[in-house]
Amino acid sequence: MYVANQIINKIINGAISYARFKSKQQTKNERTRANLDRRAKELAKKKAEKKRDIPVLPPELLNKGGMSMTDIHSLNAMDLDRIRLCGEIFAGYIYILFGVTGIGKSIALLQMLFDIAVGRVSTLFPPIPVCGMVNDVHLYDAELSYEQFRDRYPEGADYPRDHFHRYSPEDGYPPDMDTIYLLMEKSVEEATTSLTWGIDNITKLMEHNGNDAIKPFFKKVEQLQQKMREKGLYLTCIAVTHPASSKVNKAYTGDLTEDMVLGNTILATFATGLFGIHRSRKNDVNDDNPCFQIVKIRTKCNYHEFETKRVSKPYAMLQYNGSISESLLGNAVPIEKSIDFSPLGVEFMFEKLYMDCGLSIDDIANMYCLSPQRISQIFIEFFGGDYKDLRGEVKDIAKARELFRERRKYICPVPPEYEGEKAKL
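Everything quoted here is computed from the prediction, not taken from an experiment. (Residues numbered from 1 in each chain as written. Predicted model: local features only at pLDDT ≥ 70, side-chain atom pairs only at ≥ 80, totals over all residues. Heavy atoms only, no water.)

> Which parts of the structure should I look at to understand the overall build of the protein chain?
Helix and strand counts for the protein chain come out as 12 helices and 11 strands. Across the 425 residues in the protein chain, those meeting the buried criterion constitute 44%. Restricting to contacts in the protein chain with at least 6 residues of sequence separation, those with at least 24 account for 73%. (Helix = DSSP H or I, 4+ residues; strand = E, 2+ residues; numbered from the N terminus. Buried < 20%, exposed > 50% of the residue type's maximum accessible area, 1.4 Å probe, protein only. Contact = heavy atoms within 4.5 Å.)

Right under this line is the structure:
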């Protein structure tokens, strides 16, 4: 009887143990199946997203055989390298400017934006003629307060009254990439002229957005550039950031390199031009003469760097000091052929040359090295076709040439030597 009970107990305990094992195994199997299902759904989602990212082109846009060299050269496409907006800034590209805190990045950025908005040769770069293309200029400024901005750019100074728009956190625009993109997108949707956007600065924005936000942001900027090209216009972007390397401090006087920029693996991918500002020499402890360096450029440029002079009049700027040989600027269009299509430039053509001096369309075209049809087209764009009904004064070629010589100095000036205190940082 005792033996029988032992056998029964073993059978019962075995059955219980087996049931427990089976239950655990079933639970384990269920978890495994759940994990497999989850992974399968994730893979399916990734495949769907990848498939969705592949653009579907309309049949009429497809060229199954590719484009031949004859096809490419027959395209009526503008050479972007000819549309010089400011120094080494060309329309339709992305540029990055970096340097340590207080060296003058914000000053340099505003200089470039002001010069582009007015359509004049840069006071920062060597005096190379520009195309004078009409640009609406926008700045997202996360650096300066209203008070700092007004101190640097006092009332009455020669900066643009129109074609310049500033946004800042003080206006209610939070410092994040989505906000800036929405502002840029809105400007592109409403654009009737080319656009230039300045962002000051990427480093500060990364404090609120993280490094992962940089790449998708600039990818979307490239998409906006394509939308502008479809309109026959250009979107140019100039963004400021800080160095990543700890050795690039305020006392650094060596050459800046591409790997020193913060986020270099991302930003260098998108940038056509990478510019740096650093101390020019060890004894310049007040940074009165910062060095502007062209770290990387995809367009033709024969010089590597130049020294600047920090001035505060007529407003805060880093002024080119004339150190580059004219032979190195030979890739620029001659001054006589520089085209000033800024609002002020077109107004000068019409009011001074056409009306006051009585020049014909042919006379003005010869002066600007353009076709008469192009001058007429410019006048129609700005003043309408009725301009032909207006008649100017008696023709005075000598007066017109003198006025043009004066205007040409404005188009391509040698920056004057301003006297004044060092610009406030």
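> Help me out: how do you make sense of the pairing of strand E5 (residues 164-167) in this one?
Regular strands place their side chains on alternate faces of the sheet. Pairing geometry for strand E4 (residues 135-141) and E5, over 4 bridges, is parallel. Across the sheet, Val137 pairs through a bridge with Phe164, a residue of E5. Taking the sense of rotation as the criterion, the β-α-β connection linking E4, helix H4 (residues 146-152) and E5 turns out right-handed. (Pairing = 2+ DSSP bridges. Right-handed = clockwise from strand over helix to strand, strands pointing away.)

> Would you mind going over the packing of aromatic side chains with me for this structure?
For any two aromatic rings, the description comes down to two numbers: the centre-to-centre distance and the angle of the planes. On inspection of all chains with the given rule, the structure shows 27 aromatic pairs. For the ring pair Phe275 and Phe292, a centre distance of 5.5 Å and an interplane angle of 40 degrees mean the geometry is tilted. With Phe275 in strand E8 (residues 273-278) and Phe292 in strand E9 (residues 291-297), this residue pair connects regions lying 17 residues apart in the sequence. Phe275 gets classed as buried once you look at its relative accessible area, which sits at 0%. With a centroid separation of 5.4 Å and 20 degrees between ring planes, the pair formed by Phe350 and Tyr354 is classed as stacked. One end of the pair, Phe350, and the other, Tyr354, are both in helix H9 (residues 343-356), 4 residues apart, so they sit about a helical turn from each other. Tyr354 carries the same exposure label as Phe350, and that label is buried. Here the aromatic cluster, defined as three or more aromatic residues joined through ring pairs, consists of Tyr93, Tyr95, Phe125, Phe275, Phe292, Tyr303, Phe306 and Tyr320. Positioned above the aromatic ring of Phe149 is the side chain of Arg166, whose terminal nitrogen or guanidinium carbon lies 4.4 Å from the ring centre. (Phe/Tyr/Trp six-rings, centres within 6.5 Å; stacked < 30°, edge-to-face > 60°. Lys NZ or Arg CZ within 6 Å of the ring centre and 35° of its normal.)

> Is there a simple way to think about the sheet that holds strand E11 (residues 317-320) in this case?
Strand pairing within a sheet occurs via backbone hydrogen bonds; the two strands may be parallel or antiparallel. Strand order in this open sheet of 9 strands is E5-E4-E6-E7-E3-E8-E9-E10-E11, and the pairing throughout is mixed. One side of each edge strand has no neighbouring strand; the edge strands of this open sheet are E5 and E11. The sheet shows a mean angle of 25 degrees between the axes of neighbouring strands, taken without regard to direction. Of the pairings in the sheet, the one linking E9 to strand E10 (residues 305-311) comprises 3 bridges and is antiparallel in character. By the bridge assignment for E10, Gln293 is matched with Glu305. Most of the contacts of helix H5 (residues 177-190) go to strand E6 (residues 194-200), to which it runs at about 170 degrees, and overall it touches E4, E5, E6 and strand E7 (235-241). (Axes fitted to C-alpha atoms, helices over the stretch in contact; angles between N-to-C directions.)

All we've got here are geometric facts, nothing functional implied.
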